[in-house]
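# Secondary and tertiary structure notes
Here is how the chains run, residue by residue.
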Amino acid sequence: MYYGCDYNPEQWLHEPAALDRDITLMKKANINSATLGMFSWSSLEPEENQFRFDWLRSVIDRLYAAEIAVILGTPSGARPHWLAAKYPEVLRVNARREQQLFGDRHNHCYTSPAYRTRIGIINRRLAEEFAAHPAVELWHLSNEYGGECHCENCQKAFREYLENRYETLDALNYAWWNTFWSKNISSWDQIESPSPIGEGSVHGLNLDWRRFVTHQTKDFMLYERDCLKEVNPDIPFTTNLMMSSEDSSMDPGLNYWQLARELDVVSWDSYPSWHLPGYKMLALESDPTEAVDDYRRASEVAFQHDLFRSLGGGKPFLLMESTPSNTNWQPISKLKKPGMNITSSLQAVAHGSDSVQYFQWRKSRGSFEKFHGAVVSHRESAEDRVFSEAAELGAKLNKLESAQVFGSRISAGAALYFDWENRWAFEDSKGPRNDSRKAYVETVKAHYYALWSQGADIDIVHSGSDFSVYKLIIVPMGYLMPEDTAARLASFVEAGGNLITTYFTGMVNESDLCYSNGTPGPLTEVLGIEVSEIDPLYPGERNSMKTPASGVSAGLKLPEYSLRDYCELIRPQTAEVLAEYGADFYAGSPALTRNSYGRGQAFHIAARSEDSLHIELYRKLLEECDLLDHCHGWNLPAGIDIRFRGDAVFIMNYSADNQVIEIPEDRAYRYLHEQLDCSGRLELPAYATEVLIKE
Ligand code: GAL
């Protein structure tokens, strides 16, 4: 278990006593790890080939002596001035073909030979200096890989990538449907990456560009890794991934399924907008008149935790960054209320994290992040609220070490489909709606909420996953549905699985070409339906669905649900109709269907509905599949979430009210924090978490 933080001691080298004070405070806060070096390049190599490792060695030695493990970063996330001045090709070129000036961070070209040469030199030197140091337990490659570059080196690499993928221009022209608008390509060097001043309307090109950016970033990451592993192959490595935002400008734009399969350990950085009215990301202009819904926000964060656990194949992941109080880059840097830091940190552990790491240990005195939350404030006081809570959490995590939590796996019988290629292709599509209500990520999260809020453990899956290990799989808006994925979903149902798909599923193949047998393409037989049209609704427009006059089927008595945004018109082939539309020219036609297929069943939700439909439908299926057994007996008030990992039960209060929880009579638990049996009623203050240990 790692409990620690990003630590940037190079900012205080002029004040050697700061290190002593830091270590004293770290011990007080029960910190056992520190992540160093991600932004240290100019302190490690102030001029080309002039290396200064002494300061880092002395920090690592001191931490080691204090029994604090080191996660050592490679510095490629921010380059020194001299490097950009001497090798301008390392500076990114944006989609408008403008080369950027030196500045900011995370903005180097992943293709640039000069950048690779220089990062290769510094990484090898770092490894030679520190890979044998007993304090160094994990490499942390770069920082939040992301973004793209459109320079000539990247164009060349993109063309090579395409040549490799398609072999002939005929194949490429076909896949991109280039006869449309006379786009046929007759020579590889006519290909250019998408640009606002050039090509933007060829969907196949846009999709392949996104694939290429992932490919190139992964290639760079593996190059960084190899330079370190050449020196000592035994130290595992990670890179810190980011959350998937609805707002694509805040998203790294990478297919993490591709990156994650290379990592020894998956880790991620969590910065949710706790206490924000409504539950949208701040960047999406949350409605200030909506109530604060931290329970719903918790579901969004839980989705991310489950995603990162699934990205690592179910192994424990690491929460690499989180703020102990506020996040200064958000439009409003709200404080975490008392209890919230402990609760959000333990939520990560409950979902499979083997760490809680903060950004940052100590606030910088100057520049961009001087007002970002930190364990240690500018006044360096152990009496601060934030510090005290961090210390309290450290003590709790230490106690958890004996509860068979860390290292343990969570086994989920339900899976939710979330696929980056699907996201990119869907978001790029023109029509049937082009406004913010397309909402792929938001839709996935809404379906996640319906599972999570009932206590289910959930894995996240993608087009390449093994589906056979689940009992229930939900595919919201599986627009891009490769034939082999569809075939594996069909086998899953045939063998007894429960599949649920929604509107906008099975429309295009992996080249974003519409299926010529119509929608849902290769899922037609398993779903037993054909989609004939799709009607997008204007923002205030509503339809409804309800059980048909012929009565209840599949044991489901559904009330009337309100519908918005999308209504598919479907013709059942072999499927039975569970609900029909209530209005418009398609009133009375199917809105929800169920098809028996082999030993299993496949449902199709043809329209975007309110949450209650998903909640009711999934509850029935989760119960039928015995996937809620672990929650039986717990009747929790609104705003409380309960999770089980190892011998621990995490009861988390995401409401602003004190709550009382009834412990089921047939269970024996003790409190984590004291050797006391826990039975009867448990009082949980606002935003607090109680951890119980099974006796
Ligand atoms: C992360 C980044 C950190 C720090 C943090 C502030 O995205 O990895 O270096 O900048 O944001 O919230």
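Just above sits the structure.
Here's a quick rundown of the structure.

### Some words on the sheet that holds strand β21 (residues 640-645)
- In space, the five strands of this open sheet follow the order β21-β22-β27-β24-β25, with antiparallel pairing throughout. Only two strands of the sheet have a single partner each, and these edge strands are β21 and β25 (677-678).
- Where strand β22 (residues 648-653) meets strand β27 (residues 689-694), five bridges bridge the pair, whose relative direction is antiparallel. What sits directly across from Met652, in β27, is Thr689.

### What to know about helix α5 (residues 113-130)
- Given a rise of 1.5 Å per residue, 18 residues ought to cover 26 Å, and the 25 Å separating the end C-alpha atoms of α5 matches this to within 8%.
- Three or more residues of α5 are buried, namely Ala114, Tyr115, Arg116, Arg118, Ile119, Gly120, Ile122, Asn123, Leu126, Ala127 and Phe130.
- Looking at the packing, one finds that the buried side of α5 touches α2 (41-44), α3 (54-65), β3 (69-73), α4 (81-86), β4 (136-140) and α8 (203-229).

### Let's talk about the side chain of Asp269
- Structurally, Asp269 can be placed in strand β7 (residues 267-270).
- Despite its burial, Asp269 pairs with no opposite charge; the closest candidate is Arg105, at 8.0 Å N-O.
- Filtering out sequence-adjacent residues up to four positions away, Asp269 remains in contact with Glu144, Asn240, Leu241, Met243, Met320 and Glu321.

### A word on the packing of aromatic side chains
- Evaluation of the coordinates by the stated rule reveals 37 aromatic pairs.
- The cationic tip of Arg296 hangs over the ring face of Tyr449; the distance from NZ or CZ to the ring centre is 3.9 Å.

### Focus on the pattern of salt bridges
- Taken as a whole and assessed by the stated rule, the structure comprises 53 salt bridges.
- Asp565 is paired through a salt bridge with Arg608; the nearest N and O atoms lie 2.8 Å apart. You can see Asp565 sitting in strand β16 (residues 561-572) and its partner Arg608 sitting in strand β20 (residues 607-609), a full 43 residues away along the chain.
- Using a relative accessible area of 2% as the deciding quantity, one classes Asp565 as buried.
- Across the pair Arg643 and Asp641 runs a salt bridge whose closest N-O atoms are separated by 3.0 Å.
- According to the relative accessible area criterion, Arg643 is buried, its value standing at 3%.
- A relative accessible area of 2% places Asp641 in the buried class.
- If you follow the salt bridges from partner to partner, you end up with Arg433, Asp435, Arg437, Glu442, Arg564, Asp565 and Arg608 in one network.

### Section: the side chain of Ser245
- Note that Ser245 resides in the loop between β6 (240-242) and α9 (256-260).
- A distance of 2.9 Å separates a polar side-chain atom of Ser245 from the backbone nitrogen of Asp247.

Rules used in this analysis
Residues numbered from 1 in each chain as written. Predicted model: local features only at pLDDT ≥ 70, side-chain atom pairs only at ≥ 80, totals over all residues. Heavy atoms only, no water. Pairing = 2+ DSSP bridges. Helix = DSSP H or I, 4+ residues; strand = E, 2+ residues; numbered from the N terminus. Expected span 1.5 Å × (residues − 1). Buried < 20%, exposed > 50% of the residue type's maximum accessible area, 1.4 Å probe, protein only. Contact = heavy atoms within 4.5 Å. Lys, Arg positive; Asp, Glu negative; His and termini not counted. Salt bridge = Lys/Arg side-chain N within 4 Å of Asp/Glu carboxyl O. Phe/Tyr/Trp six-rings, centres within 6.5 Å; stacked < 30°, edge-to-face > 60°. Lys NZ or Arg CZ within 6 Å of the ring centre and 35° of its normal. Polar contact = N/O pair within 3.5 Å; in protein donor to acceptor, adjacent residues only side chain to side chain.

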